[in-house]
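Fold and contact review
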Amino acid sequence: MKYISTRGQAPALNFEDVLLAGLASDGGLYVPESLPHFSLEQIRSWRDLPYDQLAFHIIKPFVSDTFNDQELAAILKDTYAAFAHPAVAPLQQLDHNEYVLELFQGPTLAFKDFALQLLGRLLDAVLERRQERVVIMGATSGDTGSAAIEGCRRCKNIDIFILHPHQRVSEVQRRQMTTILGDNIFNIAVEGNFDDCQEMVKRSFADQSFLRGERRLVAVNSINWARIMAQIVYYFYASLNLGGPDRSLAFSVPTGNFGDIFAGYLAKQMGLPISQLVIATNKNDILHRTIATGHYQTLPLQKSLSPSMDIVVSSNFERLLFDMYQRDGQQVAELMQQMRAGKVELNPTALAKTKELFSSFALDDESTAQMIKEEYLRTGYLLDPHTAIGVAAARATRKHQDQPMVTLGTAHPVKFAEAVEAAGLQTPALPVHLADLLQRPESYQVLANDLPAIHQYMAERVFPS
Ligand SMILES: *Cc1c(COP(=O)(O)O)cnc(C)c1O
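A few points on the structure. (Residues numbered from 1 in each chain as written. Predicted model: local features only at pLDDT ≥ 70, side-chain atom pairs only at ≥ 80, totals over all residues. Heavy atoms only, no water.)

**With respect to the sheet that holds strand β4 (residues 98–102)**
- Taken in spatial order, the six strands make up an open sheet running β3-β4-β14-β9-β10-β13, and their pairing is mixed. The sheet terminates laterally at β3 (91–95) and β13 (358–362), the two strands that pair on one side only. Taken pair by pair, the neighbouring strands of this sheet meet at an average axis angle of 25°, ignoring direction.
- Pairing of β3 with β4 involves four bridges; the strand directions are antiparallel. What sits directly across from Gln92, in β4, is Val100.
- Most of the contacts of helix α14 (residues 348–357) go to β13, to which it runs at about 80°, and overall it touches β10 (274–281) and β13. (Pairing = 2+ DSSP bridges. Helix = DSSP H or I, 4+ residues; strand = E, 2+ residues; numbered from the N terminus. Axes fitted to C-alpha atoms, helices over the stretch in contact; angles between N-to-C directions. Contact = heavy atoms within 4.5 Å.)

**So, the side chain of Gln231**
- Along the polypeptide, Gln231 turns up in helix α9 (residues 225–240).
- Contacts of Gln231, omitting those with residues within four sequence positions, involve Phe111, Ala115, Gly259, Asp260 and Ala263.

**Digging into the packing of aromatic side chains**
- Throughout the structure, instances matching the rule amount to 23 aromatic pairs.
- Taken together, the ring pairs in this structure connect Tyr51, Tyr80, Phe83, Phe114, Tyr234, Tyr235, Tyr237 and Phe251 into an aromatic cluster. (Phe/Tyr/Trp six-rings, centres within 6.5 Å; stacked < 30°, edge-to-face > 60°.)

**Some details on the pattern of salt bridges**
- Taken as a whole and judged by the stated rule, the model has 27 salt bridges.
- One salt bridge in this structure joins Arg378 and Glu375, with 2.8 Å as the shortest N-O distance. You can see Arg378 and its partner Glu375 sitting in helix α15 (residues 365–379), three residues apart, about one turn around the helix.
- Here Arg440 makes a salt bridge to Asp436, at a shortest N to O gap of 2.8 Å.
- Residue Arg440 is classed as partly exposed on the basis of its relative accessible area of 24%.
- When salt bridges with common partners are traced through the structure, they connect Glu16, Asp17, Glu71, Arg129, Arg130, Glu132 and Arg216 into a single cluster. (Salt bridge = Lys/Arg side-chain N within 4 Å of Asp/Glu carboxyl O. Buried < 20%, exposed > 50% of the residue type's maximum accessible area, 1.4 Å probe, protein only.)

**Some thoughts on the pairing of strand β14 (residues 405–409)**
- Extensive coverage of β14 is indicated by the burial of five of its five residues.
- On β14, burial covers both faces: Met405, Thr407 and Gly409 on one face and Val406 and Leu408 on the other are all buried.
- The pairing of strand β9 (residues 249–254) with β14 spans three bridges and is classified as parallel. When the sheet's bridge partners are listed, Phe251 is paired in β14 with Val406.

**Some remarks on the site of the ligand**
- Close to the ligand lie 15 residues; Lys112, Asp143, Gly256, Asn257 and Thr410 are nearest.
- Within the side chain of Asp143, one N or O atom sits 2.5 Å away from an oxygen atom of the ligand.
- The separation between an oxygen atom of the ligand and a polar main-chain atom of Asp260 is 3.0 Å.
- The fraction of the free accessible surface of the ligand (390 Å²) that becomes covered by protein chains is 96%.
- In the shell around the ligand, the residues fall into five nonpolar, seven polar and three charged. (Near = heavy atom within 4 Å. Polar contact = N/O pair within 3.5 Å; in protein donor to acceptor, adjacent residues only side chain to side chain. Areas by Shrake-Rupley, 256 points an atom, 1.4 Å probe, with all protein chains shown as cover. Nonpolar A, V, L, I, M, F, W, Y, C, P; charged D, E, K, R; others polar.)

**Concerning the state of the cysteines**
- Summed over all chains, the structure comprises zero disulfides.
- In this structure Cys197 is not part of a disulfide, and its nearest cysteine sulfur, from Cys152, lies 18 Å away. (Disulfide = S-S within 2.5 Å.)

By themselves, these observations are geometric and do not establish any function.
Written as structure tokens, this is what we have:
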């Protein structure tokens, strides 16, 4: 399978090169040139497969020029054995025809493990074969950093540098990153905010000369296609466990950068009967406003109780726009150029198509806390603030009462104590494998919000060739 850029000017690449690339050279994002399509009969035949074997069938067409069947099956088996629950992505029923798909059974208790546990192993296999060593550089507001470090910690050929905003991530989130000790793991606490961290990472990818040409940077945020690909699988898994594909179902997806819900859109394009896809956002509601008005317009960042969805722009929305504009890279490049001034107006056709595909809903902090509390009192189930927004959005926008509605449970509530306390409830205990997290030794470096200083720190620590 070939991959092409959303802006139409970069060379087409195979999977291996897309895995190692960040942005395309024209500034766009890579997407498959065409998607595999599965018949209902094919999907039905996967009904009894365990998670990793289902993943094999869905991921294989995307990676087959890089991994043979045996390699892929082994990597997937190893990846999903790292999850605490034997079902990997278990369903929890909240009400009649209403479910949460628990995607937080991985090592760092958020859905990002599904993609980053796999990404680490895919990278390791490719780098070993190429005898190449790379540098991962990423910015995190909390969940991505720990999932990336957990996913890559055992990779001999990767040095990993994660920037987080100093004193602006929760203690549990910080410790999930800083207590993983290794010669190739570097946590940098930047004296700035998340946007500062992200901006420095972007600039580093654009000019990698500080690495003196010896290494290349690899991206772990959701601009990396491999992350989206891994996330397609659990839509199929949920469906197959709820009567699919002989029955349609709806998904509500807590959304920030549009990565997770874009994977749901792809599952639908690949043949899975999905009747509704709900974009659930907090008060950083650029996507909800876009669906409502057709104006994709930035507003200043607002800190919320669901920090993993605190975004200004949704970077993967570009991948959807590419499809909404008939895969015309030139048009997408023009839209993204307008976006530099902070605002894009979708044309009526693109807006109509987007509205047909997605429902949307935004929830403020007060109602999020209320939702956590009500659901706990009603069912005894404690939702994390992101999932709570998903459940509220599911109920507010639901079109088909006679079909299952599945909210993606994106994180374990123990990661977001502030929201649980705002709901007047007690934070649950840490799961067994993290029980001593607050006692483990930490390692991280506080650095100024200054790119040259960070580059110097990195250059001195990258494993010498
Ligand atoms: C990253 C994250 C999200 C948002 O996912 P996107 O793919 O960026 O839309 C939602 N909830 C949690 C807990 C997350 O960590």
